[in-house]
Amino acid sequence: MTDTTHSEDILATAAAWRAAGEQVAIATVVETWGSSPRPAGSRLAVTASGRLAGSVSGGCIEGAVADAAKQAMASGAPKLLDFGVSDERAWEVGLSCGGKVKVFVEPLA
Amino acid sequence: MKAETLARLQDERAAQRPVVLLTRLTDGAEHLWPLDAVSDALAEAARAALGSEKAGTVTIDGEPWFIHPHNPPLRIIVVGAVHIAQAMAPMAAPLGFQMIVVDPRRAFATEERLPGVTLNTDWPDDAMAVLKPDARTAVVTLTHDPKLDDPALDAALKSDAFYIGALGSRRTHAKRVARLTELGHGAGAMARIHAPVGLDIEAVTAPEIALSVMAEIVAARRGAALGDPRPLPAPAEGRISIGIPA
């Protein structure tokens, strides 16, 4: 069963950050294959100032996702990111668990 | 995500209404079901996701949509505003549970002892009639007092509660089984009760027992074998893993 009752309320954190004047983006795991560490629906909130809440992996790809989130905030356009062992970039960012994951990154606008 | 969508989603969640966020992955277009009018195919996907509690991507009319269900929190109904209930309270919310404590003894069931917990000071049979445990509810009795525990267990056994646990030693439980049998519950019902309550981690203190109970509830929720009730013990066995000896 996948988490749908989000104990750590990343959305509430994102809303609070935005209310405090921060620029915020939300990244969501939308598809997984193999042994990806976090199920679809897992969220990471990112601010332009560099604050992070939640997770979309066990820490392997959060850095790359945060970079993409900053780009999404700058451009205003959402982006679908692919991480996996077949992807050389995934090795760079270290998704070494053998799983594959798609992450949707969008500005909170 | 639009700030307006986020606000509406959070309103629905705060009101504990099931809601599904539908996001088109090509451009971020989004809807909330059942609030917004959507195509039949999207509505069907949303309904299915709420039922399975699983988020995922589906292709509808050639477009990828992320279907993200948000069900209200699972509930834990605890009978007995005792020390173990106090220790369970701060663990419940981070694990995704709303905790409700039932105890007609007003000296126990106080906001000061259980901050942030929903308190119900009715008698357990009245409380359970209102709370209506369902398949997304766990029921745990902690009072050691048959007058309070038994009516709650009786109601829980008549419900679809996914977890039923009762504090007390094996000896206490044997007596409890006899009383519940007299109320008309059969062996199948008895086999649903986790007693002694909690995973056997040799818990001694209230926080340790709370941890073992919460772990067992999570195991039951996730379908782990550890979450299955243990078979009724042979009465000769002397060791008491959890609970206060009768």
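Residues numbered from 1 in each chain as written. Chains lettered and ligands numbered in written order. Predicted model: local features only at pLDDT ≥ 70, side-chain atom pairs only at ≥ 80, totals over all residues. Heavy atoms only, no water.

## Some points on the pattern of salt bridges
Side chains that differ in charge, positive against negative, can pair when their charged atoms come close. Residue and element names in this part refer to chain B. Counted only if it meets this: Here, a salt bridge means any side-chain nitrogen of Lys or Arg that lies within 4 Å of a carboxyl oxygen of Asp or Glu. Note on exposure labels: buried denotes an accessible area under 20% of the residue type's maximum, exposed denotes more than 50%, and partly exposed covers the range between, all computed with a 1.4 Å probe on protein chains only.
Evaluated as defined, the whole model comprises 14 salt bridges over all chains. Linking D103 and R105 is a salt bridge whose minimum nitrogen-to-oxygen distance equals 2.8 Å. With its nearest N and O atoms 3.4 Å apart, the salt bridge here joins D145 to K147. By relative accessible area, which is 55% here, K147 ends up exposed.

## What about the interface of chain B and chain A?
Heads up, the rule is: Contact between two residues is taken to exist if any of their heavy atoms lie within 4.5 Å; hydrogens are not considered. When two parts are brought into contact, each loses some accessible area as probed by a 1.4 Å sphere; the total of that loss over both is the buried area. Here a polar contact means two N or O atoms within 3.5 Å. Within protein one must be a hydrogen donor candidate and the other an acceptor candidate, and residues neighboring in sequence count only if both atoms are side-chain atoms. Per the convention used, a helix needs a DSSP run of H or I reaching at least four residues, while a strand needs a run of E reaching at least two, with both numbered from the N terminus.
Counting residues at the interface gives 35 residues for chain B, matched by 27 residues for chain A. Of the roughly 2400 Å² buried between chain B and chain A, counting both surfaces, carbon and sulfur atoms make up 54%. It is M1(B), L6(B) and L25(B) in chain B that bury the most area against chain A; as a group they hold 24% of the surface buried on that side. Across the contact surface, chain B and chain A share 1 salt bridge. R13(B) is the salt-bridge partner of D9(A), the closest N and O atoms lying 3.1 Å from each other. Counting every contact that joins chain B to chain A gives 8 residue pairs in polar contact (both at pLDDT 80 or more). When contributions to the side of chain B that touches chain A are tallied by element, the ones reaching two or more residues are helix 1 (3-14), strand 1 (19-24), strand 3 (56-60), strand 4 (63-70) and helix 8 (206-222) of chain B.

## Brief notes about the packing of helix 1 (residues 10-19) of chain A against helix 1 of chain B
Selection criterion: Orientation is described by axes fitted as lines to C-alpha atoms, over the contacting stretch for helices, and by angles from 0 to 180 degrees between their N-to-C directions. Our angle categories are set so that under 35 degrees counts as roughly parallel, over 145 as roughly antiparallel, 65 to 115 as roughly perpendicular, and the remainder as oblique. Helix crossings get a hand from a simple test, with the near helix turned counterclockwise from the far one by less than a right angle marking a left-handed crossing and a clockwise turn marking a right-handed one. Under the scheme applied, nonpolar residues are Ala, Val, Leu, Ile, Met, Phe, Trp, Tyr, Cys and Pro; charged residues are Asp, Glu, Lys and Arg; polar residues are all the others, including Gly.
Contact geometry for helix 1 of chain A and helix 1 of chain B: axes closest at 11 Å, N-to-C directions at 135 degrees. It follows that helix 1 of chain A is oblique to helix 1 of chain B by the angle criterion. Between helix 1 of chain A and helix 1 of chain B lies a crossing whose hand is left-handed. For the pair helix 1 of chain A and helix 1 of chain B, contact is made by L11(A), A12(A), A15(A) and R18(A) and by A3(B), L6(B), L9(B), Q10(B) and R13(B), respectively. Taken together, the residues of the contact of helix 1 of chain A with helix 1 of chain B break down into 6 nonpolar, 1 polar and 2 charged.

## Observations concerning helix 1 of chain B
Filter applied, for reference: Take the residue count of a helix, subtract one, and multiply by 1.5 Å to get its expected span. Starting at the helix axis, one direction is taken to each C-beta atom, and the arc is that of these directions.
Compared with the 16 Å implied by 1.5 Å per residue over 12 residues, the 16 Å span of helix 1 of chain B between its first and last C-alpha is a close match. What helix 1 of chain B keeps buried is the set T5(B), L6(B), L9(B), Q10(B), E12(B) and R13(B). Down the axis of helix 1 of chain B, the buried set is contained in an arc of 160 degrees. They therefore lie on one face. Those residues of helix 1 of chain B that are exposed and angled more than 90 degrees off the buried face are E4(B), D11(B) and A14(B). Looking at the buried side of helix 1 of chain B, the elements it contacts are helix 1 and strand 2 (43-47) of chain A together with strand 1, strand 2 (30-33) and strand 4 of chain B. Within two residues after helix 1 of chain B, Q16(B) carries a phi angle of roughly 60 degrees, on the positive side.

## Focus: unusual backbone geometry
Residues and elements named next belong to chain B. With omega at 10 degrees, the peptide bond leading from W33 into P34 counts as cis. Assignment of secondary structure puts P34 in the loop between strand 2 and helix 2 (40-52). Cis geometry marks the peptide bond from A195 to P196, where omega comes out at -5 degrees. Mapped onto the elements, P196 comes out in the loop between strand 10 (193-194) and helix 8. Of note, Q16 is a non-glycine position whose phi angle comes to about 60 degrees, a positive value. In this structure, Q16 sits in the loop between helix 1 and strand 1. With relative accessibility at 35%, the residue Q16 sits in the partly exposed group. A positive phi angle, close to 70 degrees, is found at H144, a residue other than glycine.

## Points about the environment of A14(B)
Relative to the assigned elements, A14(B) resides in helix 1. The spacing of A14(B) and P72(B) is 58 residues in sequence and 8.5 Å in space, taken between C-alpha atoms.

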